[in-house]
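# Structure assessment
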Amino acid sequence: MGSEKYPDENGFDAFLKKHGGSDNASTDCERTIFQFDVQKKYFKEALDRWAQFFICPLMSPDAVDREVEAVDSEYQMAQPLDSTRKEMLFGSLAKASHPMSKFFWGNAQTLKNEPREKNINTYERLREFWRRYYSAHYMTLAVQSRETLDTLEEWVREIFINIPNNGQPRADFSDLQDPFDTPDFNKLYRVVPVRKIHALTISWALPPQGKHYRVKPLHYISWLIGHEGAGSVLSLLRKKCWAMGLFAGNSETGFDQNTTYSIFSVSITLSDEGFQNFFQVIHTVFQYLKMLQSIGPQQRIYEEIQKIEANEFHYQEQTETIEFVANICENMQLFPKEDFLCGDQLMIEYNPEVIAAPLTLLTPMTANILLMSPKHDGLCPLKEKWFGTQYSIEDIPQDYRDLWAGDFPLNPDLHLPAENKFIATDFTLKTSGCPDSDFPVKIIDNERGCLWFRKDNKFKIPKAYARFQLLTPFIQESPKNLVLFDLFVNILAHNLAEPAYDADVAQLEYKLIPGDHGLFIRLKGFNHKLPLLLNLIVDHLADFSTTPEVFSMFIEQLKKTYYIILIKPDRLGKDVRLQILEHYRWSVMQKYEAIMADLSVADLMDFANHFKAELYIEGLIQGNLTSAESKEFLQYFIDKLQYKPPPAAPPVLFRVVELPQTHHLCKVQSLNRADANSEVTVYYQTGLKNLREHTLMELLVMHMEEPCFDFLRTKETLGYQVYPICRNTSGVLGFSVTVETQATKFSTDFVEGKIEAFLVSFGEKMINLSDEAFQTQVSALIKLKECEDMQLGDEVDRNWFEVVTQQYVFERINKEIEVLKEVTKEELVSFFMEHRHANSRKLSIHVVGFGEKEKETHGDDQSCSASETQDAETKTSSYGNVSKLIFLPASPVLAKATVITDIRTFTSSLSLHPYHKIPPVD
């Protein structure tokens, strides 16, 4: 936020945005990473501007005060996240003298209010902190550009030479070992989660393992405990319908691994039945660990993991430049020079003693157990200080302590995984089998489906991508069908989890996604074994079946999933916006109501059979495969499923309503009464447009990004998340500005007023835009579009968008660049001003959190009427009623807006746009 050499507070962001760049920073327990990217032409100047923050930052008191508000907003946004609440509770178990027991987030209370009461000058403390720790001997730097290495070295020496080096001894925490060697550890903690989930976490605090990066002992152990194939912990728990998922290991974040300890955790998502038997679940984990300890480290297993990761490392695709330099820069802090590139990825040497050391420490007597469940609601009298997490503490029951202290028997169903048949061994690069082309070509086209193909001749890696959409209008016929579709896809994934796990381990990725109009199947990885994986998926699709126990488990899980969506302000806001805009879109609330009805296994099997009976399948295959091999993929679907083509082409879009030429406002109460977070989105509908206008919208939003952030976040401090975005809603164009704020600070009506003030100021800025500034932004967008793809997946994503929307404008980027080369400033300004008159099609969506600023806006009546709609039982509960939307009135501030209080009544009076795909310019 400004330096002595470049004092403009938003100067660096403005410079980057103008030249197609971006920046970010992230803090962790022992490291902070700053990163940016920009067009090559402006790299040296950007480096100089950036270096000044580490040489002579302004850190003006006013800027510091405002940034405290941003930190506080980020803290408030984290309040309803179970992951952060769990972390904070876990940290509180450390010794009081250890940094882990401190408050990690910071908020207005700790950074403003308390210091003021204690006469502590936050600003001076911040400068002291900067002087102490922002010293050259703490810092590593990575730069990447197409300049020569000599040039880059010269620039770095010249620009960074003045970063101060205070010469003080580096901070050392190595005397703070065993932070969790306290009576508070090794207990059972029952916790009330925000989300309605049952989750069990078993954790051990181990000596720091970072120095063993060449062996990676925790990775070896986690690979086995986290395995999902035959003989694994999860395989056994799934057979009993006790668990849906399991994660084991160390996340390698600063919280999980630092210079004072390493955490090893086993986290299990439990079913209702699993929650009832959670001690048996824990016992199964302990049995598996005891089996591993008794047989000791296995060289065969280690070498298999080593081989898989060496394959992936050797044939890895290039990552985004900004991610690559950030990763290398962090590795420079962790590893010696020779391992900067591979220290975090490769298992370099097998050392059974190093593996056995932490493995022997994973005992029942040293484990801490944390059990989250909504069933704990009302039974947990304790509250964590910073996030208000409700919890209770218990000793492990004596009978289990006695069992685990003795020589308990192993479970014969638990064993090491067999050899993996999915590990690729053929890395030959193939010839295409058809003429080369710049874009995908259609190699199959009939009434049952079509297949697009492009042989990769650019990246030259032995990998391929295969994507398919299985389309049927049957899914959208009712909310019940949508729920059955979600169940079908979840249970299909469950059925595949064990047989396909070896493929997943061998870097063959697959994903099954329930889309609005069909099932998406995505595969990628080494082409040698990719057909094997596709055949496995199609076989399970063709022979789909389930048991009543699995069906019940996923019914309960899906109820929780819908609930989680509804209590998140951003997800609820999106659902409300799309309900209004997309005709016949069923809401998540309607799906929640449908799943509460009495669904049966017979309903699901009827749905599955109907789904498979009539389909249109469209696919795209790119990479190291021939056209003949690619045709076999679609042919396998046809042969195995024996489906008929649908009588008419299934839609891939919704019809979209044409908004009235006035301002409409839909304001709903957040469905989580414990959440202060609000979200405001102001959306302008542009209508049926072509590629030229879509490109104009993209350019407009690019112009808007930096001033939007500067106005609404930096200066007005409305919230941590502030952004404009170009919206393509089923082919209908628009743009929006979104602010995530808190009801403890601002009302949503006030925030909308500030968004309007920003748009007014932005309009003035556009009118006064210089030709040079306009041209600079156009050039930046052209440069971004001209950037070569970093990896094959980038090209596949772009081509798949054309296939999945059935637009097939594969040369879209080239056409957009042509538009940008001839667009004028007047055209852009006129395009924006079309949205800024009394007849603009404007829709505001407010999701209103709970806080005093909303009471000030609407009075206590509003909050009372909201609470009256809650069920009587929930008045003493942490959980709200999510079966009904609560519509709120506008305050006098937004008196001119027409308020929507019934979405179906409002939309039924509107005309519908025809199905529309954004076409190329005529």
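Now for a look at the structure at hand.

### Notes on the overall build of the chain
Broken down by element type, the chain carries 32 helices and 21 strands. Computed over its C-alpha atoms, the radius of gyration of the chain comes to 29 Å, within 12% of the 29 Å expected for a compact globule of 922 residues. Taken along its principal axes, the extent of the C-alpha atoms in the chain is 80 × 75 × 70 Å. Residues classed as buried in the chain amount to 54% of the 922 residues present. Looking at the chain alone, contacts between residues at least 24 apart form 84% of all its contacts between residues at least 6 apart. Put simply, the chain shows about 39800 Å² of open surface, and 50% of that area lies on carbon and sulfur atoms. Computed over 96 positive and 128 negative side-chain charges, the separation of the two mean positions in the chain equals 1 Å.

### A short note on empty space enclosed by the protein
Leftover empty space is mapped by rolling, across the atoms, a probe with the size of a water molecule. Scanning the entire structure with this criterion turns up 1 cavity of 30 Å³ or more. Put simply, the largest cavity is a space of about 40 Å³. What lines the largest cavity is Ser432, Cys434, Pro435, Asp436, Ser437, Val441, Phe453, Arg454 and Lys455.

### What about the packing of helix 8 (residues 217-225) against helix 14 (residues 352-361)?
Relative orientation of the contacting elements helix 8 and helix 14 amounts to 65°, with a least axis distance of 8 Å. Seen from above, helix 8 lies across helix 14 with right-handed handedness. In this structure, helix 8 contributes Pro217, Leu218, Tyr220 and Ile221 to the contact, and helix 14 contributes Val354, Ile355, Pro358 and Leu359. Here the residues of the contact of helix 8 with helix 14 sort into 8 nonpolar, no polar and no charged.

### With respect to the sheet that holds strand 13 (residues 509-514)
Spatially, the 6 strands line up as an open sheet ordered 10-11-15-12-14-13, and their pairing is mixed. Only two strands of the sheet have a single neighbouring strand rather than two, namely strand 10 (441-446) and strand 13. Averaged over all pairs of adjacent strands, the angle between their axes in this sheet comes to 10°, without regard to strand direction. In the sheet, strand 11 (residues 449-455) pairs with strand 15 (residues 616-623) via 7 bridges, with the strands oriented parallel. Looking at the pairing, Gly449 lines up with Ile617 of strand 15.

### Re the sheet that holds strand 6 (residues 262-270)
The strand order across the open sheet formed by 7 strands is 5-6-4-7-3-9-8, and the pairing between neighbours is mixed. Two strands close off the open sheet at either side, each with one partner strand: strand 5 (243-249) and strand 8 (382-383). With 9 bridges joining them, strand 4 (residues 198-206) and strand 6 adopt antiparallel strand pairing. Across the sheet, residue Leu206 finds its bridge partner in strand 6, namely Ser262. Packing of helix 19 (residues 548-567) onto the sheet brings it into contact with strand 4, strand 5 and strand 6, and relative to strand 5 it is tilted by some 70°.

### Focus on the nonpolar core
Within the largest apolar cluster, 152 residues are counted, with the highest numbers of intra-cluster contacts made by Phe468 and Phe637. When residues of this core are assigned to their parent elements, the largest contribution, 11 residues, is made by helix 19. When residues no more than four places from it in sequence are discounted, the contact partners of Phe637 are Phe468, Leu470, Ile521, Leu534, Val538, Leu541, Ile617, Gln642 and Tyr643. Within the second largest apolar cluster, 39 residues are counted, among which are Leu733, Val823, Val829 and Ile918.

### Quick look at the side chain of His19
Position of His19 among the secondary structure elements: in the loop between helix 1 (11-18) and strand 1 (22-27). Those residues within four positions of His19 in sequence are excluded, and the remaining contacts are Val38, Gln39, Tyr42, Thr776 and Ala780.

### Considerations on the packing of aromatic side chains
Per the stated rule, a full pass over the model turns up 54 aromatic pairs. A ring pair is formed by Phe12 and Phe36, whose centres lie 5.7 Å apart and whose planes are at 85°; its orientation type is edge-to-face. A residue pair is termed long-range when its members are at least 10 positions apart, and Phe12 in helix 1 and Phe36 in strand 2 (residues 32-37) qualify at 24 residues. Judged by relative accessible area, which is 9%, Phe36 ranks as buried. Judged by centre distance (5.3 Å) and plane angle (20°), the rings of Tyr684 and Phe735 are stacked. Pair noted here: Tyr684 is in strand 17 (residues 677-687) and Phe735 is in strand 19 (residues 732-742), with a separation of 51 residues, a long-range link. As far as the burial class goes, Tyr684 and Phe735 line up, both buried. Among the aromatic residues, those joined into a cluster by ring pairs are Phe12, Phe34, Phe36, Phe43, Trp50, Phe53, Phe54, Tyr134, Trp155 and Phe160. Seen from the ring of Tyr808, Lys442 lies directly overhead, with NZ or CZ sitting 5.8 Å from the centre. For Lys463, the ring lying beneath its charged end belongs to Phe526, and the centroid distance is 5.2 Å.

### Thoughts on helix 14
Where helix 14 is concerned, the buried positions are Val354, Ile355, Pro358 and Leu359. Along the long axis of helix 14, the arc covered by the buried residues comes to 130°, so they all point the same way. On its buried face, helix 14 sits against strand 4, helix 8, helix 11 (278-295) and helix 12 (299-314). Backbone nitrogen of Glu353 and a side-chain oxygen of the N-cap are separated by 3.1 Å at the start of helix 14; the cap is Asn351.

Scoring rules and cut-offs
- Residues numbered from 1 in each chain as written.
- Predicted model: local features only at pLDDT ≥ 70, side-chain atom pairs only at ≥ 80, totals over all residues.
- Heavy atoms only, no water.
- Helix = DSSP H or I, 4+ residues; strand = E, 2+ residues; numbered from the N terminus.
- Rg over C-alpha atoms; globule rule 2.2 N^0.38 Å.
- Buried < 20%, exposed > 50% of the residue type's maximum accessible area, 1.4 Å probe, protein only.
- Contact = heavy atoms within 4.5 Å.
- Areas by Shrake-Rupley, 256 points an atom, 1.4 Å probe, with all protein chains shown as cover.
- Lys, Arg positive; Asp, Glu negative; His and termini not counted.
- Charge placed at Lys NZ, Arg CZ, Asp CG, Glu CD.
- 1 Å grid on protein atoms, 1.4 Å probe; cavity = no way out; pocket = protein on both sides within 12 Å on 5 of 7 lines; lining within 4 Å.
- Points joined across faces, edges and corners; volume = space filled by probe spheres on them.
- Axes fitted to C-alpha atoms, helices over the stretch in contact; angles between N-to-C directions.
- Left-handed = near helix turned anticlockwise from the far one by under 90°.
- Nonpolar A, V, L, I, M, F, W, Y, C, P; charged D, E, K, R; others polar.
- Pairing = 2+ DSSP bridges.
- Core = buried A, V, L, I, M, F, W, Y, C linked by side-chain atoms within 4.5 Å.
- Phe/Tyr/Trp six-rings, centres within 6.5 Å; stacked < 30°, edge-to-face > 60°.
- Lys NZ or Arg CZ within 6 Å of the ring centre and 35° of its normal.
- Arc of directions from axis to C-beta.
- Polar contact = N/O pair within 3.5 Å; in protein donor to acceptor, adjacent residues only side chain to side chain.

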